[in-house]
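Descriptive structure summary
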Amino acid sequence: MSSEVSARRDAKKLVRSPSGLRMVPEHRAFGSPFGLEEPQWVPDKECRRCMQCDAKFDFLTRKHHCRRCGKCFCDRCCSQKVPLRRMCFVDPVRQCAECALVSHKEAEFYDKQLKVLLSGATFLVTFGNSEKPETMICRLSNNQRYLFLDGDSHYEIEIVHISTVQLLTEGFPPGGGNARATGMFLQYTVPGTDGVTQLKLTAVEDANVGRRQAVAWLVAMHKVPEPRPGRLGPLA
């Protein structure tokens, strides 16, 4: 992939919307599949009461719109300002209690797991029914649209074409706890071809960090948000 194409994929611009400043992809086609579009606000004339507590709006009880769902609430029911990374807002924005809870959970992915996916990890990669795995570095592209696999050859898998993600685990640690991630099974489609392609990732020892980085990458991949409406279903 040329540096020019890579730059176009990652280019961003600052735009102002009624809800606040957003840092969005300069080219819409290269936007993250996990991104969400801003909702249409419920028109003020249709909103006489809070859609949560049913309080009547008047001079003292003002109406506010949740930036995530677009519904209308009183200040008490829509007072939290929470980061909304999936809509690319630069600053935290006002959200209702229900949406704020979802955004808080997603913030953990963007603050922790996403960094792991972008850094990549080393795996033994088996394509289809091949009996010969290849050692490759697997990472998420900067614009979150592609899964890059680099070894003796280079592959790019578009995230929206992945239909199945299955985490492979083994055993339980002494004293109880969760099973350890050892690999991942993926199914995806290739544009212009029929059928489904399968791929298996197996965690391997790294000279510097052992298997920790690969295991962390697998867990992070399993926690990616559901792609936006119109895309394929949940990855996990």
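As a starting point, this report considers the structure included with it. (Residues numbered from 1 in each chain as written. Predicted model: local features only at pLDDT ≥ 70, side-chain atom pairs only at ≥ 80, totals over all residues. Heavy atoms only, no water.)

Opposite charge on two side chains permits them to pair, given that their charged atoms come into close proximity. Within this structure, the stated rule accounts for seven salt bridges. Of the charged contacts, one joins Arg86 and Glu106 as a salt bridge, the two residues approaching to 2.9 Å between their closest N and O atoms. Here Glu106 lies in helix H2 (residues 97-119) and Arg86 lies in the loop between strand S5 (80-82) and strand S6 (93-95), a separation of 20 residues in the sequence. Like Glu106, Arg86 is buried. Shared partners join several salt bridges into a network, and the residues in it are Arg68, Arg86 and Glu106. (Salt bridge = Lys/Arg side-chain N within 4 Å of Asp/Glu carboxyl O. Helix = DSSP H or I, 4+ residues; strand = E, 2+ residues; numbered from the N terminus. Buried < 20%, exposed > 50% of the residue type's maximum accessible area, 1.4 Å probe, protein only.)

For Ser119, the location among the structural elements is in helix H2. On the basis of relative accessibility, which here comes to 54%, the residue Ser119 falls in the exposed class. Linking Ser119 and Ser141, residues 22 residues apart in sequence, is a C-alpha distance of 9.4 Å. Apart from residues no more than four positions distant in its own chain, Ser119 is found in contact with Arg139 and Gln213. (Contact = heavy atoms within 4.5 Å.)

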